Amino acid sequence: MKRIRYNAPVVLTFALLALAALPLALLTGGWTTKRLFSVYRCSLLDPLAYVRFFGHVLGHSGVSHYMNNMLLLLLVGPPLEEKYGSRTLLLCIAGTALATGLVEFLLFPGYALLGASGVVFMMIVLSSFAGAERGTVPLTMILIVVLYLGGEVWAGLTSVDNVSQLAHIVGGVCGVLFGFALRGKKS
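Residues numbered from 1 in each chain as written. Predicted model: local features only at pLDDT ≥ 70, side-chain atom pairs only at ≥ 80, totals over all residues. Heavy atoms only, no water.

### Observations concerning the overall build of the chain
Test applied: Helix numbering and strand numbering both begin at the N terminus, where a helix is a DSSP run of H or I of at least 4 residues and a strand a DSSP run of E of at least 2. Here the radius of gyration uses the C-alpha set of atoms, whereas the globule reference equals 2.2 Å times the residue count to the power 0.38. Whether two residues are in contact is decided by their heavy atoms, any of which lying within 4.5 Å being enough. Each accessible area value is a Shrake-Rupley result obtained with a 1.4 Å probe; residue values ignore everything except the protein chains displayed when judging cover. Asp and Glu are treated as the negative residues and Lys and Arg as the positive ones, with His and the ends of the chain left uncounted. By convention, the charge on Lys lies at NZ, on Arg at CZ, on Asp at CG and on Glu at CD.
Per the secondary structure count, the chain includes 8 helices and 0 strands. Starting at the N terminus, the α and β elements of the chain follow one another as α-α-α-α-α-α-α-α. The C-alpha atoms of the chain give a radius of gyration of 17 Å, which matches the 16 Å a tight globule of 187 residues would have. With respect to the principal axes defined by its C-alpha atoms, the chain has extents near 50 × 45 × 30 Å. Expressed as a percentage of contacts within the chain between residues at least 6 apart in sequence, the contacts between residues at least 24 apart total 73%. For the chain, the exposed surface amounts to about 10,300 Å²; the carbon and sulfur share of it is 70%. Taken together, the 13 basic and 7 acidic charged side chains of the chain have centroids lying 9 Å from each other.

### Considerations on a nonpolar patch on the surface
Inclusion rule: The patches reported here contain residues having more than 30% relative accessible area and no salt bridge. Joining distances are 9 Å for like charges and 5 Å for nonpolar side chains (Val, Leu, Ile, Met, Phe, Trp, Tyr). Within this document, salt bridges are pairs made up of a side-chain nitrogen of Lys or Arg and a carboxyl oxygen of Asp or Glu, the two lying within 4 Å of each other. Residue burial is assigned from relative accessible area. The probe radius is 1.4 Å, only protein chains are included, and a residue is buried under 20% of its type maximum, exposed over 50%, and partly exposed in between.
Where nonpolar side chains cluster on the molecular surface, the patch consists of Val137, Leu139, Ile142, Leu143, Val146 and Leu147 and spans about 580 Å² of accessible area. The exposed category is assigned to leucine 147, whose relative accessible area is 64%.

### Remarks on the confidence of the model for the chain
Short version of the rule: Values of pLDDT, ranging from 0 to 100, describe the predictor's confidence in every residue of the model.
On average, the chain scores 89 in pLDDT, and the residues at 70 or more come to 93%. Considering each helix and strand of the chain separately, the mean pLDDT is smallest for helix α7 (residues 139–158), with a value of 75, and largest for helix α1 (residues 9–27), with 97.

### Notes on the side chain of arginine 183
With respect to the secondary-structure elements, arginine 183 resides in the segment after α8 (165–182). Apart from the residues within four sequence positions on either side, arginine 183 is in contact with Ala132, Glu133, Arg134, Gly135 and Thr136.

As structure tokens, then:
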């Protein structure tokens, strides 16, 4: 009999922590989502501000928001974790969370950011570097940047919704930076 293997510990743990944040939000009347899993302009004397710079990627506005992010994360994340290793992928996730959190904190004082879409965009762009060698620019990365991130720029200019296209773009830029930094690296 085959056994189930916890094949991508960082990706799976991330997905499970984000899932746990949903019922926690219900049990606390939204307190945890606001205080732990959303980043927004607040006093830097508030110790939870620093938790939110990273924790906002675990919060989601509901099951649909969670599912949209996690389906892509679970599709793209495990091969990245296998290629680069758990520690490296965890650092990429944390770096992206911090970057998107800081951009939100600094540029959008009247808004809150939550969700893993910046991390997902980082992973999508980073995955386009698969097999890339030093001294080359992968055509897949160029196409993803043009199509996926270009679409986010367009949506940001033409849409009025609750989606933070800037978090997607920042996540994509993180993916480009990590991709060039990790190019050719194997775990």
